[in-house]
Every structure is written in C-alpha cells, then in structure tokens.
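# Architecture at a glance
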Amino acid sequence: MESAPSSIVDSPKIIAHRGANDQFNESTIPAYQIAAEQGVDALEIDLRMTADGKLIAMHDESLDRTTTGTGNVSDYTRSEIKSFTTVEVFNNQTIKEEIPTVEEIINVFSDTEHYYIETRLVDGEAVMEEPFIELLNKHEIITKGLITIQSFSQTSLERIRELAPEIPLTLLFGKGKFNLREALSVDYPYIGMESTDVNVESVNQLHSQGKEVHVFFTDMHTQKKEQERVNDLGVDGYFTDDIAFTKQLLGRD
Ligand code: G3P
Ligand code: CA
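Residues numbered from 1 in each chain as written. Chains lettered and ligands numbered in written order. Predicted model: local features only at pLDDT ≥ 70, side-chain atom pairs only at ≥ 80, totals over all residues. Heavy atoms only, no water.

Within the sequence span of helix 4 (residues 129-138), burial applies to E129, F132, I133, L135 and L136. Buried residues along helix 4 cover an arc of 155° about the axis, so they all sit on one side. Opposite the packed face of helix 4, turned more than 90 degrees from it, sit the exposed residues E134 and K138. Those residues of helix 4 that are buried lie in contact with strand 2 (42-49), strand 3 (55-57), helix 3 (102-109), strand 6 (115-118), strand 7 (147-151) and helix 5 (154-163). Phi turns positive one or two residues past the end of helix 4, at E140, with a value near 55°. (Buried < 20%, exposed > 50% of the residue type's maximum accessible area, 1.4 Å probe, protein only. Helix = DSSP H or I, 4+ residues; strand = E, 2+ residues; numbered from the N terminus. Arc of directions from axis to C-beta. Contact = heavy atoms within 4.5 Å.)

Right, dumping it as structure tokens:
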C-alpha cells in the first residue's frame, strides 16, 4: 500500500461539507466562496445527474428539501433545473440562490481550490464518471492535482480508477455501516466514515496501513463534541459543517 497522497494538505484537512452550509444555502457558489474565503483545504461537492446527462451540485436525490422544486433531479433537464432555486432561511432571512452545475463551480474557482467531489451510481449504473472525468480534464484539474474523489460505491470508484488512475480516492462508509476488515482490505488511500463509527482501533489500524481517515458528521447537535473526540484520535480530515469551529480546534484560526 503506497502511502496516502498528500494532494490536499498534509496536516488534518478542513473540508467544507457542501460549502459553508451553516452560513449560506448548501452546495451553492456563494457557500463555496465563503468557505474558500475562510481558508478551508477543500470544497466538498455532491454530484447529481440531470435527465440530459449534466452534472449539478446537489446532495439529495430530490429537489424538495433544499429548492423551490419538487421531484428528483433525474426527472429534469439542466435547463428545467435552472428554473428552480435553492431556498433556505438564515437569521430570519429567506435566501434564494441558483443551483450550480459542477462546471460553473470549477469556472469560479479554477485552480485556486481543491475539489473533494462525491460520485454515485445513477439508477445503479456507473454513468456519471466518464463525463465527469472529461470535464475535469477540460479544466486541467487532474493534472494540477486539485481533485479527490469520494464515493459510497466501489463500482463508481473503480470506474474512476479505470479512467484516471492518478486521482486519489476515498471509500465512504455510511453511518453504522463501517467495516474495518473491508476498509483494511481495499486499495484506496483514504477512508471516509461517520464520526460515531470512529474509534482508536479503526484509526490506528488504518494509519498502520498508511491510509487516512476522513470524518463526516450527521448530528449537528453533537458535531462539536464529536470533532473534539475524533481530533484526540488523530484523524486526518474533517467534512465540517462549522468551519470556524474546526479551524479553532486545529489551531488554524
Ligand atoms: O462525503 C462525505 C459526506 O458528505 C458523506 O455523507 O450524506 O453528507 O454526502 P453525505
Ligand atoms: Ca457528500
């Protein structure tokens, strides 16, 4: 097992989970701009594919929770998606913001930020990987070492590896689904896991193989305590929903 590539930064990585989602509508360009201004190490983006095969930044399969639309992203073409907006309330103020394509995000940040992008199967098929790699190559993101790709799907990761073997990959495990034996057996430099599955044994054993542990958090109420706990265990990356807290925790404020 080669040691984990340090294509982001060597020290614990601060990864803006869906952008600065505690300050602006998640997965939007302003949310990523705020994160970039606050000095994170990478921008975390979830990919969804529209009915006409375009790649947008959105976590959920459906539009309902975060936008003015309803139904699934895959039900609409990109231009139909653009007829909706994200909508969230911050400090009693309703904010509406465009739903970005991943190319629009790359056009804004170009080679000034590291992109930590999550791929997923589409109706069980690995169909987004090829157009995604073509897009990254069009913008020279791969050659510049500015991309890390993460997925819950090994099928997706293996398709990425076929297309662009130089990209560092993260295998994600869902909350309560972490399997140390599997995590130790796979050939990926990074393992992503939900914080409550992180313990001293898993971190130490993955580290002994030269793998990094990148942690995400699903409970906003316990996130600060969980970040402190996993920090004591020496994890290597934080998909944080509170950039200021993580910077302060890691002494980077
Ligand atoms: O990609 C890390 C983390 O985002 C995985 O969980 O559901 O927030 O995409 P989710
Ligand atoms: Ca994600």
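Next comes the rest of the write-up.
Where empty space is left can be seen by rolling a probe of water-molecule size over the atoms. Overall, the coordinates contain 1 cavity of 30 Å³ or more when judged by the stated rule. By volume, the largest cavity is sized at about 50 Å³. Across the lining of the largest cavity, the residue classes tally to 3 nonpolar, 4 polar and 1 charged. (1 Å grid on protein atoms, 1.4 Å probe; cavity = no way out; pocket = protein on both sides within 12 Å on 5 of 7 lines; lining within 4 Å. Points joined across faces, edges and corners; volume = space filled by probe spheres on them. Nonpolar A, V, L, I, M, F, W, Y, C, P; charged D, E, K, R; others polar.)

What follows is about helix 1 (residues 29-37). Within the span of helix 1, buried status applies to I29, P30, A31, Y32 and A35. Packing partners of the buried residues in helix 1 comprise strand 1 (13-17), strand 2, strand 5 (93-98), helix 3 and helix 9 (243-249). Directly after helix 1, the chain includes G39, whose backbone phi takes a positive value near 80°.

It is worth spelling out the coordination of the calcium ion (ligand 2) at this point. Protein coordination of the calcium ion (ligand 2) is provided by E44 (OE), D46 (OD) and E118 (OE), with donor distances spanning 2.2 to 2.3 Å. The coordination sphere of the calcium ion (ligand 2) comprises 6 donor atoms, whose angles at the metal cover 56 to 157°; the geometry is irregular. Mapped onto the polypeptide sequence, the residues donating to the calcium ion (ligand 2) form the spacing pattern E-x1-D-x71-E. Placement of E44 in strand 2 and of E118 in strand 6 is noted, with a sequence separation of 74 residues between them. (Donors = N, O, S within 2.8 Å, 3.2 Å for Na, K, Ca; no water. Tetrahedral: all angles 85-135°; square planar, octahedral: opposite > 155°, others 65-115°.)

Before going further, it helps to examine the nonpolar core. If you look at the biggest cluster of nonpolar residues, it comprises 57 residues, and the most contacted ones within it are Y115, L136, I147, I149 and I167. Viewed by domain, this core spans two of them, domain 1 (10-167) and domain 2 (171-253), each represented by three or more residues. (Core = buried A, V, L, I, M, F, W, Y, C linked by side-chain atoms within 4.5 Å. Domains from an automatic or database assignment.)

Time to look at the domain arrangement of the protein. You can read the domains of the protein as domain 1 (10-167) and domain 2 (171-253). Each of domain 1 and domain 2 has a C-alpha centre, and these two points are 21 Å apart. Each partner contributes to the interface: domain 1 provides 26 residues, whereas domain 2 provides 25 residues. Buried surface at the junction of domain 1 and domain 2, summed over both partners, amounts to about 2200 Å²; 54% is from carbon and sulfur atoms. Considering only the surface of domain 1 that becomes buried against domain 2, K13, I14 and F152 emerge as the three largest contributors, covering 27% of it. (Buried area = accessible area lost by both parts, 1.4 Å probe.)

Burial runs high along strand 10 (residues 212-216): 5 of the 5 residues are buried. The side-chain alternation of strand 10 yields two buried faces, one formed by E212, H214 and F216 and the other by V213 and V215. Pairing analysis gives 5 bridges linking strand 9 (residues 190-194) to strand 10, with the strands arranged parallel. Bridging across to strand 10, Y190 finds its partner in E212. Since strand 9 and strand 10 lie parallel, the crossover through helix 7 (residues 200-208) that links them has a hand, and here it is right-handed. Pairing analysis gives 3 bridges linking strand 10 to strand 11 (residues 237-240), with the strands arranged parallel. Opposite V215, over in strand 11, you have Y238 as the bridge partner. With helix 8 (residues 223-232) bridging strand 10 and the parallel strand 11, this β-α-β connection has right-handed handedness. (Pairing = 2+ DSSP bridges. Right-handed = clockwise from strand over helix to strand, strands pointing away.)

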